[in-house]
Structures are given as C-alpha cells and as structure tokens.
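This is what each chain is made of:
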Amino acid sequence: MKTIIEPFRIKSVEPIRMTTRAEREAKLRDAHYNLFALHSDDVLIDLLTDSGTGAMSAEQWAAVMRGDESYAGSPSYYRFRDSVQDLMPFEHIIPTHQGRAAEAILMSIYGGAGKHIPNNTHFDTTRGNIEASGAEAYDLVIAEGKDPSSLHPFKGNMDLERLEAFLNEYGDSVPIVMLTITNNAGGGQPVSLGNIQAVAELAHRFGKPFIIDGCRFSENAYFIKQREEGQQDRSIKNIVRDCFRAADGMTMSAKKDAFGNIGGWIAFNDDSVAEQARVRLIQTEGFPTYGGLAGRDLEALAQGLHEIVDEDYLKYRIRTNEYIIEKLDALGIPVVKPAGGHAVFVDAKRWLPHIDPLSYPAHTVACRLYEIGGIRSCEIGTVMFGRETDGSEKPAAMELVRLAFPRRTYTQSHADYVVEAFALLDKEKDSLKGFRITKEPKMMRHFTCQFAPLDD
Ligand SMILES: *Cc1c(COP(=O)(O)O)cnc(C)c1O
C-alpha cells in the first residue's frame, strides 16, 4: 500500500472552534499582532510548538490511574526508570519537571565563569542556563547545517575539525562536550550515529564527559535508519541504545520524544556526579524518586517511551513534514530541505524579498497565515533574534516561519488545509508590507512585544 495512514484511531476528541477571517483579523488586531497573545481557542490549527502539546494514548491515560503518589520510593518512579534504562543504559536516572530544570542542574555541576561549552547548536534554554552560570556557549554544527538549501542527510552533525580545534584551544576550561539530537535550533535536523560516536571519541580523548541533549532521540534514530549506511535493517530501539551507549550522561525534555505533556530527566553513569545532581535536585525540584513530577506523570512517560520508538508512528510523523514540504515546493514556496523531524520551515526572506528584514517578513507571513486559516506558527527571525545587547537592531541570519507539529494530534486533512492556506497566501503576498514594533520589553521581546502593520 502506498497510502500512509495515521497509525491510530481516535477515542476522545477536542472540538476546534471554527472562526471567520473577519473574526480572526479582529482577534489578531486585539492581540497587537503578536501570535503569543492569542487565546488558543481562537486558533484552528496550533503549530506554535511540538513541546508538551501531543496526544497521549489510551494506555498512557490508563497508566495515569496507576500513578502512585508516595513521596519516596514510588513504584511509578521505578517503572519510569526501567523504561528510560531500556533505551538509555545510564546508571542514574533522575526525573525533573522539564528539560530546562535538567539543564540547570547540569550547569550547577559543570558551568561557571571562565568555562566554555560546545554543542552542535545549543537550544535557547541550554544557552540560557550556561550563560546564567557565567560560562560561554558555542555552536559548532557543520557548515551545511546553516544552509537552508543544502540537502546533506545529517545537517545536525557536529563539525569534528572545529570541535578538535576548540578542545585544543580551550583545554581545561571545557568541562563537557554536548550534542543535541535532533538539532532543534538548526531546524530539527538529525545527527548521524557515526557523528555521535566520533564526538564521543573526541571528547573522551580529551578527557571530557560527553552529554547528549536527547529531546528528539527517536526522530533522530528514525533518520539514522533511513539515511545512514548499514542501519536499514536495525530496530529503532537498538539504534537509540547505540546513540546513548556512547555518552556519559544526558538531559531530556519529556515533552518531546516521551509523549509527555510535562516532564524531563537528567542521567549520568558517574556515581559522584549523580550524587551532586541529586543534592541540587532536592533543593530545586524534589526528592529523587519524583523530581518535580506527580507519580501519574512518571507513569505516562514510562508508557510513552514504549510507544515513541514504534516505527509506524515515526513513519507517519516524519512523512507529515515531507508531505507538506513537497506540496509547498510544488507551489514554488521556498522551504528548508530536507524535512526535519518535528517541523516545517518556510523561508520568508526568499518568498517575500520585497519586505525589508527590519520590517519582519517571517512575522508578516505568520500573521497573514493566521488571518487566512486560523493557523498559528512561529517566527524564527529578526523579531526573535534582532535586538542586540547594545540596544541596536540587526537583521537575523534567516527569516523562517516554523510550523511545529504536535505529536499524534493532527491528521492529513489538517495538513492539506495548511497547504491550501499557503496557496492563498501566495496570491496575497505581494500586497503585504510588513510591521513595525510599537512596544517591547528589555529581553526576549518576541513573547510579548506589540506590532502595528506598516500599511496603517
Ligand atoms: C525543549 C527543549 C529543551 C528544553 O526543555 P523544556 O522541557 O522545554 O524545558 C532543551 N533542549 C531542546 C533541544 C529542546 O527541544
């Protein structure tokens, strides 16, 4: 059969409240043209993020009822730990309430002034935690990873030459080497198993612990199976195990590839490092057998980890992005290729060259997409990155519109609807003029700033 179906039936539904274009235009005006300020029930298809927004399975909801809320030593913790260790063979598995809490603990151990920490690309919370500790964060992804038109199969790979030069240059001031799979900030692009193992080898040669940010480990393993030589006949589970066997520890947001609405963990092999992490955990998150989560959350994650390595699910998931990218490509709309794991990226700079970057072309697309179809996407461009610390404004390297897909939440007709909205937008795009910012906070302006359309 050629048709790839959603590999699930639907038992419980959430109605989408239909709205008209006129209503949406009014809602967006009231929100001062910031999509973060919308009420989510005024959104028809919400592609703002894939974090914590997925649908849990019937088995996960059943597991929620089994949750044991004992403060210490809950059987729910042990089921969670065993599920993690089945995929990631680390000695110590420590739950946290989210990925960034795991990062904060990691940096309480390894961060600090004068330290230098490399990664393929640090996710923004990782960078934030590193910088808050006084250390500096470095992105050493291969050059192809920054070129939207490169078709390299593993655009998330670490540049091994640059990493080696980095380790030679910074020596003792490098506490750990990190690697993010998939490379979220670089478009959800995968890292090959060969590259993971080579980074581990290099880190160990220099005597550095190697820590994986594993948020989308299962999508990454699926790409390895599809694209890396010699991996085609292996199970996703075995590929995942090989990825983590190379590492000394990991951080995780369970809101991504653990099918959780909340949760995370940090893991280590080293006893004394784990001891330090647990002391910190007790101060900031909770006792080591719950770490800021309810017993029922731990149960949902334990079950989610069994489901996330299912190949039929992964095939449907990755195919959704490829399908949309093929359709947008056929319409002549520039997209980042090849498809990443969790999102589709539209290149607004190439699509709307008549809008100056300082008039926010990607933001302009995101706003009009909402007005046309009620679809919420996310600008990754000058609104997000353009404000310099000295107060000046500079165009970002890229003007992208990200459509991030919640897991198991939308179907093919939703994907077709998104494509149709883009086709309509393509007809209107030449009349779009861009925006100016009328009010902005001192930092992280994209969440709360306000806009006015330039044609007003
Ligand atoms: C989401 C994410 C994080 C942070 O996790 P939260 O659960 O949102 O705190 C860290 N790294 C990567 C790669 C992520 O995608």
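Not measured: the values here are computed from a predicted model. (Residues numbered from 1 in each chain as written. Predicted model: local features only at pLDDT ≥ 70, side-chain atom pairs only at ≥ 80, totals over all residues. Heavy atoms only, no water.)

This part covers the site of the ligand. Close contacts around the ligand come from 14 residues, with Arg100, Asn184, Asp213, Ser253 and Lys256 the closest. Note that a nitrogen atom of the ligand is positioned 2.7 Å from one of the side-chain N or O atoms of Asp213. Across the complex, the protein chains shield 97% of the 380 Å² of accessible surface that the ligand would expose by itself. Per-element accounting of the shell around the ligand gives the leading share, 3 residues, to helix α4 (residues 99-110). Residue composition of the shell around the ligand, by class: 2 nonpolar, 6 polar and 6 charged. (Near = heavy atom within 4 Å. Polar contact = N/O pair within 3.5 Å; in protein donor to acceptor, adjacent residues only side chain to side chain. Areas by Shrake-Rupley, 256 points an atom, 1.4 Å probe, with all protein chains shown as cover. Helix = DSSP H or I, 4+ residues; strand = E, 2+ residues; numbered from the N terminus. Nonpolar A, V, L, I, M, F, W, Y, C, P; charged D, E, K, R; others polar.)

Before going further, it helps to examine helix α10 (residues 271-284). Its 14 residues place the ends of α10 20 Å apart at the C-alpha level, agreeing with the 20 Å of an ideal helix rising 1.5 Å per residue. Here α10 has its buried residues at Val273, Ala274, Ala277 and Leu281. Looking down the long axis of α10, one finds its buried residues gathered within 95° of arc, a one-sided arrangement. Across from the buried face of α10, at angles greater than 90 degrees, the exposed residues are Asp271, Ile282 and Gln283. (Expected span 1.5 Å × (residues − 1). Buried < 20%, exposed > 50% of the residue type's maximum accessible area, 1.4 Å probe, protein only. Arc of directions from axis to C-beta.)

Time to look at the packing of aromatic side chains. One pass over the structure, following the stated rule, counts 18 aromatic pairs. An angle of 50° between the planes, with centres 5.2 Å apart, marks the rings of Tyr33 and Phe435 as tilted. Linking Tyr33 in the loop between α1 (21-30) and β1 (45-46) with Phe435 in strand β13 (residues 435-439), this pair joins segments that are 402 residues apart in sequence. By the burial criterion, Tyr33 is buried, and Phe435 matches it. A centroid spacing of 6.1 Å and a plane angle of 80° characterise the contact between Tyr360 and Phe451, whose relative ring orientation is edge-to-face. Of this pair, Tyr360 sits in the loop between α13 (348-351) and α14 (361-373) while Phe451 sits in strand β14 (residues 450-453); the two residues are 91 residues apart in sequence, bridging distant segments of the chain. The class of Phe451 is buried, set by a relative accessible area of 4%. (Phe/Tyr/Trp six-rings, centres within 6.5 Å; stacked < 30°, edge-to-face > 60°.)

Bringing the domain arrangement of the protein into the picture now. Structurally, the protein comprises domain 1 (21-50 + 310-453) and domain 2 (58-307). Across the contact, 22 residues belong to domain 1 and 25 residues belong to domain 2. Counting the surface lost from both domain 1 and domain 2, the interface buries some 2100 Å², and carbon and sulfur atoms represent 55% of this. The largest contributions to the domain 1 side of the interface with domain 2 come from Leu314, Pro338 and Arg407, which together make up 26% of the buried area. The tally of links between domain 1 and domain 2 comes to 6 salt bridges. One salt bridge in this structure joins Glu311 and Lys225, with 3.2 Å as the shortest N-O distance. Inspection of the domain 1/domain 2 interface yields 14 residue pairs in polar contact (both at pLDDT 80 or more). (Domains from an automatic or database assignment. Contact = heavy atoms within 4.5 Å. Buried area = accessible area lost by both parts, 1.4 Å probe. Salt bridge = Lys/Arg side-chain N within 4 Å of Asp/Glu carboxyl O.)

What the 5 strands build is an open sheet, ordered β2-β8-β7-β6-β5; its pairing is mixed. At either margin of the open sheet sits one strand with a lone partner, and together these are β2 (92-96) and β5 (177-180). Along the sheet, successive strands turn relative to each other by an average axial angle of 15°, direction set aside. Both strand β6 (residues 210-213) and strand β7 (residues 249-253) contribute to a ladder of 3 bridges, which runs parallel. Its bridge partner lying in β7, Asp213 is registered against Thr251. With respect to the sheet, helix α3 (residues 75-87) is in contact with β2 and β8 (264-268), its orientation differing from that of β2 by roughly 120°. Docked against the sheet, helix α7 (residues 193-205) engages β5 and β6, running at close to 145° with respect to β6. (Pairing = 2+ DSSP bridges. Axes fitted to C-alpha atoms, helices over the stretch in contact; angles between N-to-C directions.)

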